[in-house]
Amino acid sequence: MNEASKLKQDQNYKYPFSLCFLKWFCPDHLHEEIEGDLIQKFHADVKRFGERGAKERLAWNVLRFFRPGIFLRNRLSLQIIQIYMIRNYIKIAFRNFVRQKSYTLLNVAGLSLGMAASLLILQYVKYERSFDTFHSRAKDIYRIQYNGWQNGRLNFESAVAVPAVGPALKNNFPEVEAYTRFLPTKGMITYERPGEEPVTFREEKAQYADTSLFGVFDFKLIHGNTKQCLKGTNKVIISQSTARKYFDDEDPIGKSLKVNGNELLLEVTGVFQDVPENSHIKFDFLISYETINALTKNESENSWGWYDFYSFVLLKPGTDVKDLQAKWDEYLLKERGEDWRKTNRKQEFILRPLTDIHLYSNLLYETSPRELRDGDSVYALSIIAMFILIIASVNYVNLATARSFNRANEVGVRKVVGALRTQLVNQFLTESFILNVLAAVLAVVIVRIAWPYFSELTGWNIPISFLLQKEFWLLVLVLFLGGAVLSGFYPAIILSSFKPVAVLKGKIIRSASGNFLRKSLVVFQFVASVFLISGSLIVYQQLSFMKNKDLGISLEQTLVLKRPGIVDSLYEGNYEAFKTEVLRIPGVQGIAASSTIPGEENYWTSGISRLTGGPEGTNIVTTAAIDHDFIPQYDVQIVAGRNFDSRFPNDKENILINRALAAELEFKSPEDAVGQLVKHWGDTVKIVGVVEDFHQMSLRAKVIPAVFHLIPASQFYSIKVETENYYAVLQALEKPWAEFFAGNPIDYFFLDQFFSRQYERDDRFGQVFTLFTGLALFIAALGLLGLASFMTLQRTREIGIRKVLGSSVSGIILLLSKGFMQPVLIAIVIACPLAWFLMNQWLQSFPYRTNINLWIFGISGLLVLIIAFVSVSSQAMKAAMTKPAETLKYE
């Protein structure tokens, strides 16, 4: 025990705060001795001056020992040294960047492009995943999917269900909090202003909707009462943009809108905010559900057979959906089982999460089928983003380790003068951090500049506000930190591991493991590149296959007019007169009417069954109305029987079927079906012909069984035009249209363009995939160019000696290129089977698909070899063309 401690224990004095102050500022190695002297002095002063005087003198003595310089040196020296070290690291880093401009430029360019590409892709993926998530209870909302079974076989999977399922779920299961239904409709909407011309538009985005809509979804009502606006018959609420379109600056509340002339008169009771783009269901008009109930005498309320309704349920939080589905299936079997057994059919109603619809639903009758995406394809882009970022980081690692031998002397000198390995690691990590900071800043600038062009490429109006959200900046931070640490750590370890004695003697040995690692990283880069190139080619091959495959129907030079929305009892006669006038127009080959056209999903379904033989029960099939001219004008092949013919006046009681339906009804051949009687729509009708299968929709959907009825005047008028001067034909059509369908604006489109819209999402995916594939290849080539430059620089003297000894320029180029071509060839060998396997899995999602040709891998490999050879040989050529006198003059 020291003297100061003994004095503290022997005396009963309570020592003042001044001794604590001494302990705080005094260096540890001096504290004990100084404190002991002060305490001895204190006890002597107590006897002489008293306790109070002694304390005052003690405080004064402590203050005399206080030296700010000593305090700062002992307490803040480490922090100061660290600050100076960091400043030194930054200064050295920038000196190296300036000295090695090409190295810095290559790294910053590669890293910034990699980050920018990753940020763009991940924001796109985020937007695709955001569909329907703006509803506050999106995770508790489920759509009812309807699966129809016939004779134990799945007949169809539909996004629309029967209207009775919503009430049945709500009334029988306490887990169901609410339900709502939509029934799509369309027509001519007219607003009549007093003393002005009526405002009329054809509207495609209208729905009948339940009053419970706003209790399930978070669509925002701006004007009106959410509980009252859809109560009663003939009520409608409209979107903001629709209100401006019809009413300009007028208040729309209380105004009346006419539907299809005088078919329906609707009162506007509310205005809602335009439906967000990232909603899978879109509408501009919502008509009260009681209106359709009144029109159908409540069939739209309790029917178990009419399936045109999008039905949604809101479940209570924490509901076990699997358990509810099991109980629901059991309830249906109990309540509907007897009816199913009679018809040999089964109805299955599945709860499908709302948030899965956009990416993982590809059913019949989707509300916005062209906007749906393939979830696997979207997530494949995430993998591309990861590849691009890794390729950019690999570039940094390769270039940093290749340059490591140029900085060996620097490391050796630093170690000799006392630098610790951790300090060297920190220095090289600092360089990595600074490079990644520069790259991250440049990446954000690139993203901001490219944002509108990228949004246009993807087909979405992705809001610029995405760049202001904290998730975006958190992602930037993650990419920056991940890139800085992962790309900087290995080179820092390698550089700091050099032994100073060996380095300063010039005996540093290039590690075989280091060369192997660099070559392995190059292999990885080009495996990714070959895979992405092959994938892009296969995507385009599949798209080309779908677009060019024979559809079984002719779409070329077909102009389609939509049926007038406002018609009267003279409609059929007017149509025939219109048809006669159209056929007189020069350049018009023919005109045909039908209820549907290729590219338009056919919602009209019905049941059909054979009177004798065939499958048990009723088969659900699609139904179309056509006239006599539809089959020949669309060049649909008749494989058995005949077409509808005006010479047979009873053909309205006959039907045509397609080959798929003939097979489903179990006729041995199409010829056997001709003349057979079947039950359809409750009537007995005769099959007079069988047509070849044709694709009503894109090749993403299978051909489905179909029935054709003779109904001359229908929804669409298809006009075959033989001239390229469509404009003249359109002008000529306006006069007969205005004469026979007065008050209806003419609405037309070209069928081939209309049909091709189905491939828009595939085209855009192909374009995005190709863009980032090219970017990944460019970044990989950039890294190879830099690596070749440094490796060639290291062999400068060798090249000079070889030229002195007689080597040719081509020989030197071949020598230098050979070392880089080997890992690229290995990459091709690895990537080709991998690409074949994964892309073949992707093709399995298409019912009609192309075969993967070997030439795809040949082109991919050759393209990568050419790019690699050009990158390497450009540097090799530069070195080979240098005069030996220049490279050897200092030897």
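Residues numbered from 1 in each chain as written. Predicted model: local features only at pLDDT ≥ 70, side-chain atom pairs only at ≥ 80, totals over all residues. Heavy atoms only, no water.

A.B. asks: Now, about unusual backbone geometry: what can you tell me, with residues and values included?
C.D. replies: Of note, D248 is a non-glycine position whose phi angle comes to about 55 degrees, a positive value. Note on placement: D248 falls in the loop between α9 (240-247) and β7 (256-259). (Helix = DSSP H or I, 4+ residues; strand = E, 2+ residues; numbered from the N terminus.)

A.B. asks: Describe empty space enclosed by the protein, and please don't skip the residues or the numbers.
C.D. replies: Evaluation of the coordinates by the stated rule reveals six cavities of 30 Å³ or more. As a volume, the largest cavity reaches approximately 110 Å³. Lining the largest cavity are Y124, R373, D374, S377, V378, R700, R761, D762, F765 and W842. Broken down by secondary-structure element, the contributors of at least two residues to the lining of the largest cavity are α14 (375-403) and α26 (760-794). (1 Å grid on protein atoms, 1.4 Å probe; cavity = no way out; pocket = protein on both sides within 12 Å on 5 of 7 lines; lining within 4 Å. Points joined across faces, edges and corners; volume = space filled by probe spheres on them.)

A.B. asks: Give a description of the packing of aromatic side chains that names residues and reports values.
C.D. replies: Considering all chains together, one arrives at 50 aromatic pairs under this definition. Between F272 and F283, the aromatic rings sit 5.4 Å apart at their centres with planes inclined by 70 degrees, giving edge-to-face as the arrangement. Separated by 11 residues along the polypeptide, F272 in strand β8 (residues 264-272) and F283 in the loop between β8 and β9 (285-288) bring together distant segments of the chain. The exposure classification of F272 matches that of F283, with both residues buried. Relative to Y634, the ring of F630 has its centre 4.6 Å away and its plane inclined at 40 degrees; by these criteria the two rings are tilted. Here F630 and Y634 have matching classes, each one buried. Three or more aromatic residues link up through ring pairs in this structure, and these residues are Y146, F156, F173, W304, Y307, W328, Y331 and F349. Seen from the ring of F201, K245 lies directly overhead, with NZ or CZ sitting 4.7 Å from the centre. Between the NZ or CZ atom of R642 and the centre of the ring of F648, over which it lies, the distance is 3.8 Å. (Phe/Tyr/Trp six-rings, centres within 6.5 Å; stacked < 30°, edge-to-face > 60°. Buried < 20%, exposed > 50% of the residue type's maximum accessible area, 1.4 Å probe, protein only. Lys NZ or Arg CZ within 6 Å of the ring centre and 35° of its normal.)

A.B. asks: Describe the packing of helix α6 (residues 101-129) against helix α16 (residues 421-458), with residues and values.
C.D. replies: Taken N-terminus to C-terminus, the directions of α6 and α16 make an angle of 45 degrees; their axes are 7 Å apart at the nearest point. In terms of orientation, α6 and α16 fall into the oblique class. Crossing of α6 against α16: the hand is right-handed. Split by residue class, the contact of α6 with α16 holds 21 nonpolar, six polar and no charged. (Axes fitted to C-alpha atoms, helices over the stretch in contact; angles between N-to-C directions. Parallel < 35°, antiparallel > 145°, perpendicular 65-115°, else oblique. Left-handed = near helix turned anticlockwise from the far one by under 90°. Nonpolar A, V, L, I, M, F, W, Y, C, P; charged D, E, K, R; others polar.)

A.B. asks: How would you summarise the nonpolar core if you had to cite specific residues and measurements?
C.D. replies: Within the largest apolar cluster, 116 residues are counted, with the highest numbers of intra-cluster contacts made by F526 and F772. For F526, the contacting residues outside a window of four places in its chain are A780, L784, V824, A827, V864 and A868. A168, L230, I237 and V275 belong to the second largest nonpolar core, which has 55 residues in total. (Core = buried A, V, L, I, M, F, W, Y, C linked by side-chain atoms within 4.5 Å. Contact = heavy atoms within 4.5 Å.)

A.B. asks: I'd like a description of the pairing of strand β10 (residues 310-315), backed by residues and values.
C.D. replies: When you tally the buried positions in β10, you get six out of six residues, the bulk of the element. Of the two faces of β10, the one holding Y310, F312 and L314 and the one holding S311, V313 and L315 are both buried throughout. Where strand β3 (residues 176-191) lies against β10, six bridges are found, and the strand directions are antiparallel. The residue bridging R181 from the neighbouring strand is S311, located in β10. (Pairing = 2+ DSSP bridges.)

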